[in-house]
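# Secondary and tertiary structure notes
One letter stands for each residue in the lines below.
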Amino acid sequence: MNILRKAIDWGMRKSPWIIHFNAGACNGCDIETIDALAPRFDLERLGILQQGSPRHADILVCTGAVTLQTRDRLKQIYDQMPEPKYVIAVGTCACTGGIFDGCYCVMGGIDTVIPVDVYVPGCAVRPEAIIDAVQKLLDSLKGGKKGGEKNAG
């Protein structure tokens with residue numbers, strides 16, 4: 001492995017940028033995700049920053065079940081992210097479709113559209129569980145694996 005690749009991998013582990021996408025949630029998990037990024041829980045202490053553009057983000061945090069209306073936008077955001085990219089499904093709806101599974105406009109969980117690396121079940125998920133999932137994902141990157149942790153929380 002060349003020195004440039006090692007530097008990029010180190011930077012990814014030490015300061016990943018997160019982008020948050022609501023695929024059709026009731027906003028319960030969205031509030032908890034924003035709370036994890038706010039000063040009270042302070043995800044930034046781990047070196048993680050929220051990013052507004054998918055072109056600069058390393059980790060996609062998704063909440064809510066995928067609807068027909070948001071399916072194409074979710075895929076577009078995922079495709080715009082540079083490699084390596086990781087996805088965290090936050091909440092029962094993002095993991096499986098939750099209580100909305102079977103509705104006429106709901107496709108199911110996030111993994112029906114894009115690959116998911118970490119699942120964080122719960123309704124609504126606590127900020128501590130989100131921070132733990134991000135930390136486990138970053139720890140799995142130290143071993144050089146993509147998506148080594150398949151279930152967190």
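In this report, the structure presented in the accompanying data block is examined. (Residues numbered from 1 in each chain as written. Predicted model: local features only at pLDDT ≥ 70, side-chain atom pairs only at ≥ 80, totals over all residues. Heavy atoms only, no water.)

## Some details on the nonpolar core
Ile-18, Ile-59, Ile-88, Val-90, Val-120 and Val-125 are the most contacted members of the largest nonpolar core, which has 23 residues in total. The set of elements that each furnish at least two residues to this core consists of helix H2 (28-37), strand S3 (59-63), strand S5 (86-90), strand S7 (118-120) and helix H5 (127-142). It is H5 that contributes the most residues to this core, 8 residues altogether. Beyond its immediate chain neighbours, meaning those up to four positions away, Val-90 contacts Cys-29, Thr-33, Val-61, Cys-62, Thr-63, Gly-64, Val-120, Val-125 and Ile-130. Formed by 20 residues, the second largest nonpolar core is a distinct cluster that contains Ile-19, Met-81, Ala-89 and Val-113. (Core = buried A, V, L, I, M, F, W, Y, C linked by side-chain atoms within 4.5 Å. Buried < 20%, exposed > 50% of the residue type's maximum accessible area, 1.4 Å probe, protein only. Helix = DSSP H or I, 4+ residues; strand = E, 2+ residues; numbered from the N terminus. Contact = heavy atoms within 4.5 Å.)

## Points about the packing of aromatic side chains
Applying the stated criterion to the full structure yields 0 aromatic pairs. When the ring centre of Tyr-78 is taken as origin, the NZ or CZ atom of Lys-85, which lies over that ring, is 4.1 Å away. (Phe/Tyr/Trp six-rings, centres within 6.5 Å; stacked < 30°, edge-to-face > 60°. Lys NZ or Arg CZ within 6 Å of the ring centre and 35° of its normal.)

## Here we look at the sheet that holds strand S1 (residues 17-22)
The strands making up a sheet associate through backbone hydrogen bonding, with each pair oriented either parallel or antiparallel. With parallel pairing, 5 strands are arranged side by side in an open sheet as S2-S1-S3-S5-S7. Bordering the open sheet on either side are strand S2 (49-50) and S7, each of which pairs with just one other strand. Relative to S2, S1 runs parallel, the two sharing 2 bridges. Across the sheet, residue Trp-17 finds its bridge partner in S2, namely Leu-49. (Pairing = 2+ DSSP bridges.)

## A closer look at the packing of H2 against H5
Between H2 and H5, the shortest axis-to-axis distance is 8 Å and the interhelical angle comes to 65°. Considered as vectors, H2 and H5 are oriented roughly perpendicular to each other. Crossing geometry of H2 relative to H5 is assigned as right-handed. Of the residues in H5, those in contact with Glu-32, Thr-33, Asp-35 and Ala-36 of H2 are Pro-127, Ile-130 and Ile-131. (Axes fitted to C-alpha atoms, helices over the stretch in contact; angles between N-to-C directions. Parallel < 35°, antiparallel > 145°, perpendicular 65-115°, else oblique. Left-handed = near helix turned anticlockwise from the far one by under 90°.)

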